[in-house]
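What the coordinates show
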Amino acid sequence: MITPKYSVIIPVYNRPDEVEELLESLAKQSFSNFEVILVEDGSSIKCERIFEKYSNRLSIRYFFKPNSGPGPSRNFGFEKAHGDYFIVFDSDCVIPSTYFEEIEAFQVRTPWDVWGGPDQGHKDFSPMQRAMGFTMSSFLTTGGIRGGKSTGFQPRSFNMGFRKEVFQKTGGFKFDRFAEDIEFSIRVRKAGFRVGLIPKAFVYHKRRTNFSQFYQQVKSFGAGRVLVGRVHSGEVKLTHWFPAFFVMGILIVPFLFLVQSWLAVVLLAGYFFYLGLIAIDCFVSTGSMYVSFLSAPAAFIQLTGYGLGFLKELWNTR
């Protein structure tokens, strides 16, 4: 057996259609020295049929295990992997055909021990998915912390890679879910590993298919950041507080109408102006009027969901 250079670990839970798109994109890679480890995390809707479909096109193995969350499922995959490097993708990603070429070229110049890449929407995604993808990566909503800047970059599990030795020395993910990737990124940096961004190693990330699912996702992100802060002091920064302030501003509007109505009007105008800026920025970025129209409610849901999850978990620590 020829040892692959990379092992791609994909945990999946009840998403066979997404996995098929991901595997199709991996089958079209210009660089082929990698294996795929598909870890079914206790799904009731299994993707075994999808695995069989690609068994002749990819070096792929399939494992089914009881549900434990994405963190332990990735660790399970790492234990089964044969590669010198491990790469993690979320099941709702589609990978550009030159992804591994970009990794190979960058590592010659700057050999990171742990790396990550950005995510973005694809022209074939639904307008809602493109709007959610834009707001999750926009400087106006996240401050560029999700792949827009390299300083202090924390790789996320939708697009992350690292040397086998990193897993051997750290034990992999410690959280089962909710910011398990952020906690891992912080811990490996503290352990002295070289951690950084590979800007051209991006993936197309679908996010969720509707605003309700998106709200639940970002709410868990907010709660997860508080959980990270409990373990790693100083890792809850002003940027992470911004959605909480956004929510608190909304909550005080009714009170302001009772005591100083002009202040309430000014605050509401500020919210509409801010969301309007996001929509304009989205139009400049995507060229789509419809996607830019959807970006305003997507940003509102993102910030309120994250903020409420953050505040609720913060309250639970009292």
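Each chain has its residues counted from 1, following the order in which its sequence is written. Reporting in this predicted model follows two pLDDT cut-offs: at least 70 for local features of residues, and 80 or more for side-chain atom pairs to be given and counted; totals over whole chains, interfaces and linings ignore these cut-offs and use all residues. Side-chain calculation: all heavy atoms of the structure are included, whereas hydrogens and water are not.

Some thoughts on the layout of surface pockets
Just so we agree on the cut-off: Method remark: on a 1 Å grid restricted to protein atoms, a set of points is classed as a cavity if a 1.4 Å probe fits but cannot get out and as a pocket if it is open with protein on both sides within 12 Å along at least five of seven lines; lining residues have an atom within 4 Å of a point. Grid points are joined across faces, edges and corners, and a volume is the space filled by probe spheres set on the points. Secondary structure elements are defined from DSSP: runs of H or I of at least 4 residues count as helices, runs of E of at least 2 residues count as strands, and each element is numbered from the N terminus. Gly falls in the polar group here, along with every residue not listed as nonpolar (Ala, Val, Leu, Ile, Met, Phe, Trp, Tyr, Cys, Pro) or charged (Asp, Glu, Lys, Arg).
A volume near 1000 Å³ is recorded for the largest pocket. Along the walls of the largest pocket sit 43 residues, with Asp90, Arg208, Gln217, Ser220 and Phe221 positioned nearest its centre. Counting only elements with at least two residues in the lining of the largest pocket, the list comes to strand E1 (6–12), helix H3 (70–80), helix H6 (139–142), helix H8 (180–190), helix H9 (211–231), helix H10 (238–259) and helix H12 (289–316). The leading source of residues in the lining of the largest pocket is H9, at 8 residues. Broken down by class, the residue content of the lining of the largest pocket amounts to 15 nonpolar, 15 polar and 13 charged.

Considering the sheet that holds E1
Strands in a sheet are paired, the pairing made by backbone hydrogen bonds, and the direction either parallel or antiparallel. Test applied: Strand pairing requires that DSSP identify at least two bridges connecting the strands. Inter-axis angles, ranging from 0 to 180 degrees, are taken between N-to-C directions of lines fitted to C-alpha atoms, where helices are fitted over the stretch in contact. Contacts are assigned to residue pairs that have any heavy atoms within 4.5 Å of one another.
Ordered in space as E3-E2-E1-E4-E8-E6-E9, the 7 strands form an open sheet in which the pairing is mixed. Of all strands in the sheet, those bounded by a partner on one side alone are strand E3 (60–65) and strand E9 (195–197). In this sheet, neighbouring strand axes are inclined to one another by 20 degrees on average, regardless of whether the strands run parallel or antiparallel. As defined by bridge partners, strand E2 (residues 34–41) adjoins E3 across 6 bridges and the pair is classed as parallel. Across the sheet, residue Glu40 finds its bridge partner in E3, namely Phe64. Where H8 meets the sheet, its contacts fall on strand E6 (114–116), strand E8 (159–163) and E9, and the angle it forms with E8 comes to roughly 35 degrees.

Brief notes about H9
Cut-off, in case you're wondering: Here, expected helix span is obtained from the residue count minus one, scaled by 1.5 Å. Only protein chains enter the area calculation, which uses a 1.4 Å probe; residues under 20% of their type maximum are buried, those over 50% are exposed, and those in between are partly exposed. Polar contacts, as used here, are pairs of N or O atoms within 3.5 Å; protein pairs need one atom able to donate a hydrogen and one able to accept it. Residues neighboring in sequence count only if both atoms are side-chain atoms.
In this model, H9 (21 residues) spans 31 Å end to end at C-alpha, consistent with the 30 Å of a helix rising 1.5 Å per residue. Turning to H9, its buried residues number three or more, namely Phe211, Phe214, Gln217, Val218, Ser220, Gly222, Ala223, Gly224, Arg225, Val226, Leu227 and Val228. On the buried face of H9, the contacting elements are helix H5 (127–137), H8, H10 and H12. For H9, the N-terminal cap is Asn210; the gap from its side-chain oxygen to the backbone nitrogen of Ser212 is 3.1 Å.

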